[in-house]
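# An overview of the molecular structure
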Amino acid sequence: MPVAYVTGAAGGLGRAITEGLLNAGYRVAMFDISQEALDRASGELGEGVSAHAMNVTDRASVDAAVTEAEKALPPCDLLINNAGTFSVCAPMWECDPDRWFRDIDVNLKGTFLMCNRVAGGMVDRGAGRIVNIVSSGGVLDGHPYGTSYAASKTGVTRITEGLSMELQPHGVTAFCIGPPAVNTAMTQWLINDEQAKTHRPLIKEIFEKGEDFPPQVVADCVLALASGRADKLTGRYFLPHKDYESIIADADRIVADDQWVLRIAGHKKG
């Protein structure tokens, strides 16, 4: 029975991903900063999970929680770096620096610390997959008024490609997924925050128009990547609400044309 680690697993996308993995036959180590939320979620999900409180921005906390999970379950086959925040939505000169850097710490540093702690075991075993949850914000556009979120998620997208190149000789792959608008605590914050209402009103409009998506679309994409069918596309970016199956089927051309990776527009490789 395969084993998955999921950060930010107690609610939102993490909870949906965890449930999807359980239904697919995985055992799951759930990581979240809130012990109370973890206890509630793991109790509702039942058998097949182990719950471990973790602050992804703290190296000692990451090491301790992963060590607990390694004692509770067999080795990790699939790492899902889902824990994330969007803490400030304002022009850069109006941002609270502490809130701005919180997004960098959770989204970028947290992803690095988990990969740093878990990827080595995958390399030693010659197998494993990593899926990093990123965003379209900042990756597909400049994302004004959300520069902390954009910088952190774009950074994760870039390190995913570099990491995939480091891992590929060892039989390990890495991908990133940019979810669509999904009703989570983070998107609710964007809808209700006064600065976000002013600077990113589109978020509220998406939900008012019913253009959001259920979290299961993200869980389904994770399972597609976990299946191994997309391994030729290691290092690449996937949109779960688009036709990623056609991209997987066209993997050779996607790789040859250097698509679904971060590049400077107008620049050609070589």
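Look up a bit, the structure's there.
For every chain, the first residue of the written sequence is number 1, and numbering continues from 1 along that sequence. Residue-level local features of this predicted model are given only where pLDDT is at least 70; pairs of side-chain atoms are given and counted only at 80 or more, and the full residue set underlies all totals for whole chains, interfaces and linings. Values reported for side chains reflect all heavy atoms of the structure, with hydrogen atoms and water molecules removed beforehand.

### With respect to helix 3 (residues 59-72)
Basically, it comes down to this: Under the scheme used here, helices are H or I runs from DSSP no shorter than 4 residues and strands are E runs no shorter than 2 residues, and both carry numbers assigned from the N terminus. Here a helix's expected span is defined as the number of its residues, less one, multiplied by 1.5 Å. The rule is simple: take the accessible area with a 1.4 Å probe, protein chains only, and divide by the maximum for that residue type; under 20% is buried, over 50% is exposed, in between is partly exposed. Our arc is simply the arc of the directions from the helix axis toward the C-beta atoms. Throughout this description, a polar contact denotes any pair of N or O atoms lying within 3.5 Å of each other; where both atoms belong to protein, one of them has to be capable of donating a hydrogen while the other can accept it, and for residues adjacent in sequence the pair is counted only when both atoms sit in side chains.
If you check helix 3, its first and last C-alpha atoms are 20 Å apart, about what 14 residues at 1.5 Å a residue would give, namely 20 Å. Buried within helix 3 are the following residues: Ser61, Val62, Ala65, Val66 and Ala69. Buried positions in helix 3, seen along its axis, are confined to an arc of 120 degrees and lie on one side of it. Looking at helix 3, the residues exposed on the side facing more than 90 degrees away from the buried face are Arg59, Ala60 and Lys71. With a side-chain oxygen lying 3.2 Å from the backbone nitrogen of Ala60, the N-terminal cap of helix 3 falls on Asp58.

### Remarks on the pairing of strand 4 (residues 78-81)
How we decide: For two strands to count as paired, DSSP must find a minimum of two bridges between them. When the strands point away from the viewer and the connection leading from the first strand across the helix to the second strand turns clockwise, the crossover is called right-handed.
The alternating pattern of strand 4 places Leu78 and Ile80 and Leu79 and Asn81 on opposite faces, both of which are buried. Here strand 4 runs beside strand 5 (residues 128-133); their pairing, made up of 4 bridges, is parallel. Of the residues in strand 5, the one forming a bridge with Ile80 is Val131. Traced from strand 4 through helix 4 (residues 97-125) to strand 5, the parallel crossover comes out right-handed.

### Here's the deal with the sheet that holds strand 6 (residues 172-177)
The pairing of strands in a sheet comes from backbone hydrogen bonds and takes either a parallel or an antiparallel form. Counted only if it meets this: Any two residues whose heavy atoms approach within 4.5 Å are treated as being in contact. The convention used is that axes are lines fitted to C-alpha atoms, helices contributing only their stretch in contact, and that angles between N-to-C directions extend from 0 to 180 degrees.
Read across the sheet, 7 strands follow the order 3-2-1-4-5-6-7 without closing on themselves; strand pairing throughout is parallel. Both edges of this open sheet fall to strand 3 (49-53) and strand 7 (237-238), since each of them pairs with a single strand only. Pairing geometry for strand 5 and strand 6, over 6 bridges, is parallel. Bridging across to strand 6, Arg129 finds its partner in Thr173. Of the strands in this sheet, strand 2 (27-32) and strand 3 are in contact with helix 2 (residues 35-45), which crosses strand 3 at around 175 degrees.

### Describing the environment of Thr234
Tracing the sequence through the fold places Thr234 in the loop between helix 9 (216-226) and strand 7. What Thr234 contacts, discounting residues up to four positions off in sequence, is Ser164, Gln168, Thr173, Ala174 and Phe175. There is a polar contact of 3.0 Å between the side chain of Thr234 and the backbone nitrogen of Ala174.

### Re the pattern of salt bridges
We apply this condition: Put simply, a salt bridge is a Lys or Arg side-chain nitrogen that is within 4 Å of an Asp or Glu carboxyl oxygen.
In the structure shown here, the tally under the stated rule is 13 salt bridges. In this structure, Arg158 engages Glu161 in a salt bridge whose closest nitrogen and oxygen atoms are separated by 2.7 Å. Here Arg158 and its partner Glu161 are both found in helix 5 (residues 147-167), 3 residues apart, which amounts to about one turn of the helix. By sharing partners, the salt bridges in this structure join Arg158, Glu161, Asp258 and Arg263 into a single network.

### Examining the side chain of Thr18
Relative to the elements of secondary structure, Thr18 occurs in helix 1 (residues 12-23). The class of Thr18 is buried, set by a relative accessible area of 0%.

### A look at helix 9
Counting buried residues along helix 9, 8 of its 11 residues qualify, which places the element largely inside the surrounding structure. For helix 9, the secondary structure elements touched by its buried residues are helix 1, strand 4, strand 5, strand 6, strand 7 and helix 10 (244-249). In the segment just after helix 9, Gly228 is the residue with positive phi, at about 95 degrees.

### A look at unusual backbone geometry
Positive phi outside glycine occurs at Tyr145, with the angle close to 75 degrees. Within the element layout of this structure, Tyr145 appears in the loop between strand 5 and helix 5. Using a relative accessible area of 33% as the deciding quantity, one classes Tyr145 as partly exposed. At Trp260, a residue that is not glycine, the phi angle is positive and equals roughly 60 degrees. One can find Trp260 in the segment after helix 11 (251-256).

### What about the pairing of strand 5?
With respect to burial, strand 5 is a largely interior element, 5 of its 6 residues being buried. This β-α-β element, strand 5 to helix 5 to strand 6, shows right-handed connectivity.

### Description of the environment of Ile33
Among the secondary structure elements, Ile33 is positioned in the loop between strand 2 and helix 2. Residue classification places Ile33 among the exposed residues on the basis of a relative accessible area of 63%. Leave out the neighbours within four places in its chain, and Ile33 touches Met54 and Asn55.

### Side note on the side chain of Ser61
For Ser61, the position within the fold is in helix 3. One polar contact links the side chain of Ser61 to the main-chain amide nitrogen of Asn55, over a distance of 2.8 Å. In this structure, Ser61 is in contact with Met54 and Asn55, ignoring residues within four places of it in sequence.

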